[in-house]
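# Breakdown of the fold
Here is what each chain is made of, one letter per residue.
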Amino acid sequence: MSKAVFLIALILFSLDMCAQQDTVFMRHSKEWTADTLSYVTDTVVFPSGMMRHILTGTTILLQTNEQQNAKGFGLYFDKVTKSDCQHNGEEAYLSKDKINSIVSTDSTLTVDINVYDNCCFDFLCDLAVDSTGTLDLIYYGYGTSCSCRCCFGLTFDLSKMYFGEHEELKGVMLNGDRKTLKPIR
């Protein structure tokens, strides 16, 4: 009798595990006028929580191959933060992306940069470390395209965790552009 109860419980438990789905509700504006704003709600059903990959706003592209490789240098990409538009005049059209500061401690690495891009963009961010020990901070502007450019600040926060032997990080550059390379002191 106890074997039958155990078998039934095992079957019910396995059926429950197979039926696990993850649901995400997204609400966004559909249309607007001067007086009204109407919303629509979309429902996205994923086979499991492991399959739920939704990127919004300025965020990290999670667990890319390049980030996995960076762990060999002891680097873990924790977060990225975007500042509001700092200025959007003529300077925003003429300036180049640049590294403002690199702050390295025993356990963290924080890199503050300026990015000149479309005023309405957010950024998808990634990182890579090349064979010379250079950290490449990668960002892709995306979103609504407006007819202006802005200077945004992006701050990349990384953790350092070393387990045994590891390669030393030598410098930081932006989007593979060696002209932006700054050494880490």
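It should be noted that the structure appears before, not after, this text.
Criteria and thresholds
Residues numbered from 1 in each chain as written. Predicted model: local features only at pLDDT ≥ 70, side-chain atom pairs only at ≥ 80, totals over all residues. Heavy atoms only, no water. Helix = DSSP H or I, 4+ residues; strand = E, 2+ residues; numbered from the N terminus. Buried < 20%, exposed > 50% of the residue type's maximum accessible area, 1.4 Å probe, protein only. Contact = heavy atoms within 4.5 Å. Areas by Shrake-Rupley, 256 points an atom, 1.4 Å probe, with all protein chains shown as cover. 1 Å grid on protein atoms, 1.4 Å probe; cavity = no way out; pocket = protein on both sides within 12 Å on 5 of 7 lines; lining within 4 Å. Points joined across faces, edges and corners; volume = space filled by probe spheres on them. Nonpolar A, V, L, I, M, F, W, Y, C, P; charged D, E, K, R; others polar. Pairing = 2+ DSSP bridges. Core = buried A, V, L, I, M, F, W, Y, C linked by side-chain atoms within 4.5 Å. Polar contact = N/O pair within 3.5 Å; in protein donor to acceptor, adjacent residues only side chain to side chain. Axes fitted to C-alpha atoms, helices over the stretch in contact; angles between N-to-C directions.

This next bit is on the overall build of the protein. Each helix and strand counted, the protein has three helices and eleven strands in total. Going from N to C terminus, the protein has its helices and strands arranged as α-β-β-β-α-β-α-β-β-β-β-β-β-β. By the burial criterion, 30% of the 185 residues in the protein qualify as buried. Look at the contacts in the protein between residues 6 or more apart in sequence, and 66% of them connect residues 24 or more apart. For the protein, the exposed surface amounts to about 12200 Å²; the carbon and sulfur share of it is 56%.

Our focus in this paragraph is the layout of surface pockets. Of the voids in this model, the largest pocket is the one considered here, and its volume is about 210 Å³. Lining of the largest pocket is provided by Arg52, His53, Ile54, Leu55, Thr59, Ile60, Leu61, Leu62 and Gln63. Partitioned by chemical class, the residues of the lining of the largest pocket number five nonpolar, three polar and one charged.

What follows covers the environment of phenylalanine 152. Within the secondary structure layout, phenylalanine 152 lies in strand 9 (residues 149–160). When the C-alpha positions of phenylalanine 152 and aspartate 117 are compared, they lie 7.7 Å apart, and in sequence the two are 35 residues distant.

Let us look at the sheet that holds strand 7 (residues 121–129). Pairing is mixed across the open sheet formed by five strands, whose spatial order is 3-7-8-10-11. Looking along the sheet, the strands with just one partner apiece sit at the ends: strand 3 (59–60) and strand 11 (177–183).

Ranked by internal contacts, the top residues of the largest apolar core, which has 28 residues, are Leu75, Ile113, Leu135, Leu137, Tyr139, Leu154 and Phe156. Taken together, the elements giving at least two residues each to this core come down to strand 4 (75–82), strand 6 (108–118), strand 7, strand 8 (134–143), strand 9 and strand 10 (171–174). In this structure leucine 154 touches Thr58, Val80, Thr81, Lys82, Val111, Asp112, Ile113, Val115, Phe123, Cys125 and Tyr139, once residues within four positions along its chain are discounted.

With respect to the helices and strands, the residue aspartate 126 is situated in strand 7. The buried category is assigned to aspartate 126, whose relative accessible area is 8%. For aspartate 126, the residues in contact, after removing those within four places along its chain, are Leu61, Thr64, Glu66, Gln67, Phe77, Asp136, Leu137, Ile138 and Phe156. Within the structure, aspartate 126 has its side chain in polar contact with the side chain of threonine 64 (distance 2.8 Å).

Another aspect to go through is unusual backbone geometry. At glutamine 63, a residue that is not glycine, the phi angle is positive and equals roughly 55 degrees. By the element assignment, glutamine 63 lies in the loop between strand 3 and helix 2 (65–70).

This part takes up the sheet that holds strand 6. The strand order 4-9-6-5 describes an open sheet built from four strands, whose pairing is antiparallel. In this open sheet, the two edge strands, each paired with only one partner strand, are strand 4 and strand 5 (98–104). Taking the axes of each pair of neighbouring strands and ignoring which way they run, one obtains an average angle of 20 degrees across the sheet. As paired elements, strand 6 and strand 9 share eleven bridges and run antiparallel to each other. The partner of asparagine 114 across the bridge, within strand 9, is glycine 153.

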